[in-house]
Amino acid sequence: MRRCLLLCSLLLMVAAGMSAVEPQTTVSGDYLLALSGRQQYSVTIDARGAEITGVCIVKTNSEGTRGAIVNEFGIHALDFTLSPDRHKVRLENVMPMMDRWYIRRILRKDLRLLFGATTTGGLKSGRSITVSDDGTIVLNNARYKLNYSLKKIDDTTE
């Protein structure tokens, strides 16, 4: 009798927990950076006094999401691909100045957090995301003193 009561209690707790859990959906409206079609962002990466400014172009199609960060002179800083669930970032064609394993690891994690962010505020490991009034999204990596800011460029030619 005691085993049956314990089993029934356990099943009831599991059933109550299952009904409280909502299924996760990945709708583009949930993310701070909605990626659909071709998007252009003005980007600034500030690293301890050095700064890379330019344009981040992100294109989403049936094959996946690909992006590139290009400076004002047209030189590729880096290319990247995002997994469909935005949990993995693969870096490609990183400029020689930043092509070190430790820099690539930090860039990969920061880009994953930036493109996968659904809310603002403090994140783990000393990172925080804020959105300013003009729509600029800023990721601050306090541990390595890095700041990434992205502002959407409105495409007026259609």
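See the structure above.
Residues numbered from 1 in each chain as written. Predicted model: local features only at pLDDT ≥ 70, side-chain atom pairs only at ≥ 80, totals over all residues. Heavy atoms only, no water.

A. Fine view of the environment of Arg112. Take Arg112: it is sitting in helix α2 (residues 101-116). Note: C-alpha distance between Arg112 and Ser83 (29 residues apart in sequence) is 9.6 Å. Every residue in contact with Arg112, bar those within four places of it in the chain, is listed here: Arg86, His87, Lys88 and Val89. (Helix = DSSP H or I, 4+ residues; strand = E, 2+ residues; numbered from the N terminus. Contact = heavy atoms within 4.5 Å.)

B. Structural detail: the pattern of salt bridges. One pass over the structure, following the stated rule, counts five salt bridges. Among the salt bridges present, the one from Arg66 reaches Glu92, with a minimum N-O distance of 3.2 Å. Taken together, the positions of Arg66 in strand β3 (residues 64-71) and Glu92 in strand β5 (residues 89-92) put the pair 26 residues apart, joining distant regions of the chain. By relative accessible area, which is 14% here, Glu92 ends up buried. Between Asp134 and Lys151 there is a salt bridge; the shortest N-O distance is 3.7 Å. (Salt bridge = Lys/Arg side-chain N within 4 Å of Asp/Glu carboxyl O. Buried < 20%, exposed > 50% of the residue type's maximum accessible area, 1.4 Å probe, protein only.)

C. The arrangement of the pairing of strand β1 (residues 38-47) in detail. In the sheet, β1 pairs with strand β2 (residues 50-61) via ten bridges, with the strands oriented antiparallel. Looking at the pairing, Thr44 lines up with Thr53 of β2. Between β1 and β2, which pair antiparallel one after the other, the connecting turn spans two residues, and Arg48 there sits at a positive phi close to 50°. Note that β1 and strand β9 (residues 146-152) share seven bridges and pair antiparallel. Note on β9: the bridge partner recorded for Asp46 is Asn147. (Pairing = 2+ DSSP bridges.)

D. Region of interest: the sheet that holds β2. One open sheet accounts for nine strands, arranged β5-β4-β3-β2-β1-β9-β8-β7-β6; its pairing is antiparallel. For this open sheet the edge positions go to β5 and β6 (121-122), each flanked by a neighbour on one side alone. The pairing of β2 with β3 spans eight bridges and is antiparallel. Among the inter-strand pairings, Val55 is bridged to a residue of β3, identified as Val70.

E. Broad picture of a positive patch on the surface. On the surface, Arg105, Arg108, Lys109, Arg112, Lys124 and Arg143 cluster together to form a positively charged patch. Taking the relative accessible area as the measure of exposure, Arg112 reaches 32% and is therefore partly exposed. (Patch = residues over 30% accessible without salt bridge, like charges linked within 9 Å, V, L, I, M, F, W, Y side chains within 5 Å. Areas by Shrake-Rupley, 256 points an atom, 1.4 Å probe, with all protein chains shown as cover. Lys, Arg positive; Asp, Glu negative; His and termini not counted. Charge placed at Lys NZ, Arg CZ, Asp CG, Glu CD.)

F. Molecular detail of the side chain of Asp79. Along the chain, Asp79 turns up in strand β4 (residues 76-82). Despite being buried, Asp79 has no salt bridge partner; Arg66 is the closest side chain of opposite charge, sitting 5.7 Å away. With residues near it in sequence (within four places) discarded, Asp79 still touches Gly67, Ala68, Arg90, Leu91, Glu92 and Asn93.

G. Geometry of the pairing of β9. For strand β8 (residues 137-141) and β9, the ladder comprises five bridges, and the chain directions are antiparallel. Counted as the bridge partner of Asn140 is Asn147 from β9. Between β8 and β9, which pair antiparallel and follow one another directly, the connecting turn spans four residues, one of which, Lys145, has a positive phi of 55°.

H. Structural detail: the packing of aromatic side chains. Scanning the model with the defined rule gives two aromatic pairs in all. Considering the side-chain rings of Phe80 and Phe115, the 5.3 Å spacing of their centres and the 35° angle between planes classify their relative orientation as tilted. Highlighted residues: Phe80 in strand β4 and Phe115 in helix α2, separated in sequence by 35 residues. Taking the relative accessible area as the measure of exposure, Phe115 reaches 1% and is therefore buried. (Phe/Tyr/Trp six-rings, centres within 6.5 Å; stacked < 30°, edge-to-face > 60°.)

I. Main features of α2. Here α2 contains 16 residues, and its C-alpha end-to-end distance of 22 Å stays within 8% of the 22 Å for a straight helix at 1.5 Å per residue. Among the residues making up α2, those that are buried are Ile106, Leu107, Asp110, Leu111, Leu114 and Phe115. Down the axis of α2, the sector holding all buried residues measures 145°, keeping them to one side. Residues of α2 that are buried make contact with β2, β4, β5, β7 (127-131), β8 and β9. (Expected span 1.5 Å × (residues − 1). Arc of directions from axis to C-beta.)

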